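Single-letter residue listing:
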Amino acid sequence: MGKIRDFFYLLTIAVLISLSMIFIGAAFREEYPLWKNQKILEDLQSDVKAEEIGNRDLGIDWEKLKK
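Note that this is a predicted model, so its numbers are computed, not measured. (Residues numbered from 1 in each chain as written. Predicted model: local features only at pLDDT ≥ 70, side-chain atom pairs only at ≥ 80, totals over all residues. Heavy atoms only, no water.)

### Focus on the overall build of the protein chain
Let me state the cut-off plainly: Numbering of helices and strands runs from the N terminus; a helix is a DSSP stretch of H or I covering at least four residues, while a strand is a stretch of E covering at least two. Each residue's exposure class comes from its accessible area (1.4 Å probe, protein chains only) as a fraction of the maximum for that residue type: buried when under 20%, exposed when over 50%, partly exposed otherwise. Note that accessible areas follow from Shrake-Rupley with a 1.4 Å probe, and for residues the cover is restricted to the protein chains shown.
Helices and strands together make up the secondary structure of the protein chain, namely two helices and zero strands. Sorting the 67 residues of the protein chain into buried and exposed places 0% on the buried side. Looking at the protein chain as shown, the accessible area adds up to about 7000 Å², and 65% of this sits on carbon and sulfur atoms.

If you want it as C-alpha cells, here you go:
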C-alpha cells in the first residue's frame, strides 16, 4: 500500500507543478504586452519633454533684435 500512496503523492505534486507553470506562463503572456506598451509610453513622454524644453522661449525679444 505504501508504494501506491507514494506514486499518487508524486503524481499529485507533478500535476500541481505543471499547472503552476501553465498559469505562470499564461499570466506572463497576458502581462508582457502591457509592460512593453508602458515602456514605449515612457520613452515617448521623455521625448516630448525634451522637445518642449528645446523649443522653449528663452526671453529673447526678437523685435528688438530686428531693430
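Structure's up, so let's keep going.
### Observations concerning the packing of aromatic side chains
Quick note on the threshold: In summary, the pairing rule links any two rings of Phe, Tyr or Trp, Trp by its six-membered ring, whose centres are within 6.5 Å, and it sorts them by plane angle into stacked for under 30 degrees, edge-to-face for over 60 and tilted for everything else.
Counted according to the given criterion, the structure contains three aromatic pairs. Taking the centre distance of 5.5 Å and the plane angle of 65° together, the rings of Phe-7 and Phe-8 count as edge-to-face. On the basis of relative accessible area, Phe-7 is assigned to the exposed category, the value being 51%. By relative accessible area, Phe-8 is classed as partly exposed at 46%. One aromatic cluster is present, built from ring pairs that chain together Phe-28, Tyr-32 and Trp-35.

### Digging into the pattern of salt bridges
As a reminder, the rule being used: Each salt bridge in this description consists of a side-chain nitrogen of Lys or Arg and a carboxyl oxygen of Asp or Glu lying within 4 Å of one another.
A full pass over the atoms with the stated rule returns two salt bridges. Linking Lys-39 and Asp-43 is a salt bridge whose minimum nitrogen-to-oxygen distance equals 3.3 Å. With Lys-39 and Asp-43 both in helix α1 (residues 2-54), this residue pair falls four residues apart, about one helical turn. What makes Lys-39 partly exposed here is its relative accessible area of 47%.

### Concerning a nonpolar patch on the surface
Which entries qualify depends on this criterion: A patch consists of residues exposed above 30% relative accessible area that lack any salt bridge, with like charges linked at up to 9 Å and nonpolar side chains (Val, Leu, Ile, Met, Phe, Trp, Tyr) linked at up to 5 Å.
A contiguous nonpolar patch, built from Ile-4, Phe-7, Phe-8, Leu-11, Val-15, Leu-16, Leu-19, Ile-22 and Phe-23 and spanning about 910 Å² of accessible area, is present on the exposed surface. Tracing the backbone through its elements, the reader meets Phe-23 in helix α1. When its relative accessible area of 60% is taken as the criterion, Phe-23 is described as exposed.

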